[in-house]
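# Understanding the architecture of this molecule
The primary structure of each chain is shown beneath.
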Amino acid sequence: MSYSGATQTTVQTIAAALKAKPGALLPILHEVQNTLGYIPADSVADIASALNLSRAEVHGVISFYHYFRDTPPGKQIIQLCRAESCQAMGGMKLEAHVKERLGIDYHETTADGQFSLEPVYCLGNCACSPAMQIGSEIYGRVSPASFDAAVSEEGESA
Ligand code: FES
C-alpha cells in the first residue's frame, strides 16, 4: 500500500489532533495503528515533523515496542499464548509447529497476507492450555493437528 493521499491525510490529521498532548508520540502511534492497522514507514517523517522530533527518534520508539507493526496485518491475527501454563502444556512444541506451518516468526505476516502471528501472555484460558486466539475466537488444548485444522477453516472462511 503506498503512503499518499488519504493515508497520508489520515496520519497528518491524527498527528495534528494529538500533538499537544503530553507524551504525544505514543498516543499518535496507537491511533495511527488503530486506524490504518499499521504504521506506514513513510509516515514516520510526518509524525516526526508534527512533534519536532527526528525520524530516528520516532523510528526508535516504533521498533522498541513489538506491538507496533510497520507492515499491514494479515486478514486474521493468530495470537499464540506464551505464558506459563501454556508453556507447561506443550506450548513450545506447538509454537515451533505454528511457525513452521505458517513459514513466519512472531510479528510477521504470511506471504499470502492471510495470517499474522503474535505472541500473547495469557488468554485467560489456562485450564485448556495450550491456548490461542484467531480473530475473536479462542481455542484450547491446541495440538499441531488441531492448529492445522483451525487455520484451514479460518483460511477458507476469511
Ligand atoms: S497461560 Fe496460556 S491461557 Fe493462561
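From a predicted model like this one, the values you see are computed outputs, not experimental measurements.

### Brief notes about the overall build of the chain
Each helix and strand counted, the chain has six helices and five strands in total. Beginning at the N terminus, the succession of helices and strands in the chain can be written as α-α-α-α-β-α-β-β-β-β-α. Expressed as a percentage of its 158 residues, the buried residues of the chain come to 24%. Counted over contacts in the chain with a minimum sequence separation of 6, partners at least 24 positions apart contribute 61%.

### Things to note about the domain arrangement of the chain
For the chain, the domain assignment lists domain 1 (5-64) and domain 2 (76-157). Spacing between the C-alpha centres of domain 1 and domain 2 amounts to 30 Å.

### Things to note about the sheet that holds strand β2 (residues 108-109)
The strand order β2-β3-β1-β4-β5 describes an open sheet built from five strands, whose pairing is mixed. For this open sheet the edge positions go to β2 and β5 (137-139), each flanked by a neighbour on one side alone. As defined by bridge partners, strand β4 (residues 132-134) adjoins β5 across three bridges and the pair is classed as antiparallel. Across the sheet, the residue bridging to Q133 is I138, located in β5. Lying on the sheet, helix α5 (residues 84-102) is in contact with β1 (76-81) and β3 (115-120); it crosses β1 at an angle near 145°.

### Here's the deal with the nonpolar core
Generally speaking, a soluble globular protein has its nonpolar side chains buried in company with each other. L80, C81, V98, L117, A131 and M132 are the most contacted members of the largest nonpolar core, which has 15 residues in total. I28, V44, A50 and V58 belong to the second-largest nonpolar core, a separate cluster that totals 13 residues.

### Here's the deal with the pairing of β1
Here β1 pairs with β3 via six bridges, running parallel. When the sheet's bridge partners are listed, I77 is paired in β3 with S116. With three bridges connecting them, β1 and β4 associate as antiparallel partners. Residue pairing for β4: Q79 is matched across the bridge by Q133.

### Here's the deal with helix α3 (residues 43-51)
For α3, the full list of buried residues reads S43, V44, D46, I47 and A50. With its buried residues spanning 165° around the axis, α3 presents them on a single face. Those residues of α3 that are buried lie in contact with α1 (5-18), α2 (25-36) and α4 (55-64). Among the residues trailing α3, N52 stands out with phi positive, at a value near 55°.

Definitions and cut-offs
Residues numbered from 1 in each chain as written. Predicted model: local features only at pLDDT ≥ 70, side-chain atom pairs only at ≥ 80, totals over all residues. Helix = DSSP H or I, 4+ residues; strand = E, 2+ residues; numbered from the N terminus. Buried ≥ 20, exposed ≤ 12 C-beta atoms within 10 Å, placed from the backbone. Contact = placed C-beta atoms within 7 Å. Domains from an automatic or database assignment. Pairing = 2+ DSSP bridges. Axes fitted to C-alpha atoms, helices over the stretch in contact; angles between N-to-C directions. Core = buried A, V, L, I, M, F, W, Y, C linked by C-beta atoms within 7 Å. Arc of directions from axis to C-beta.

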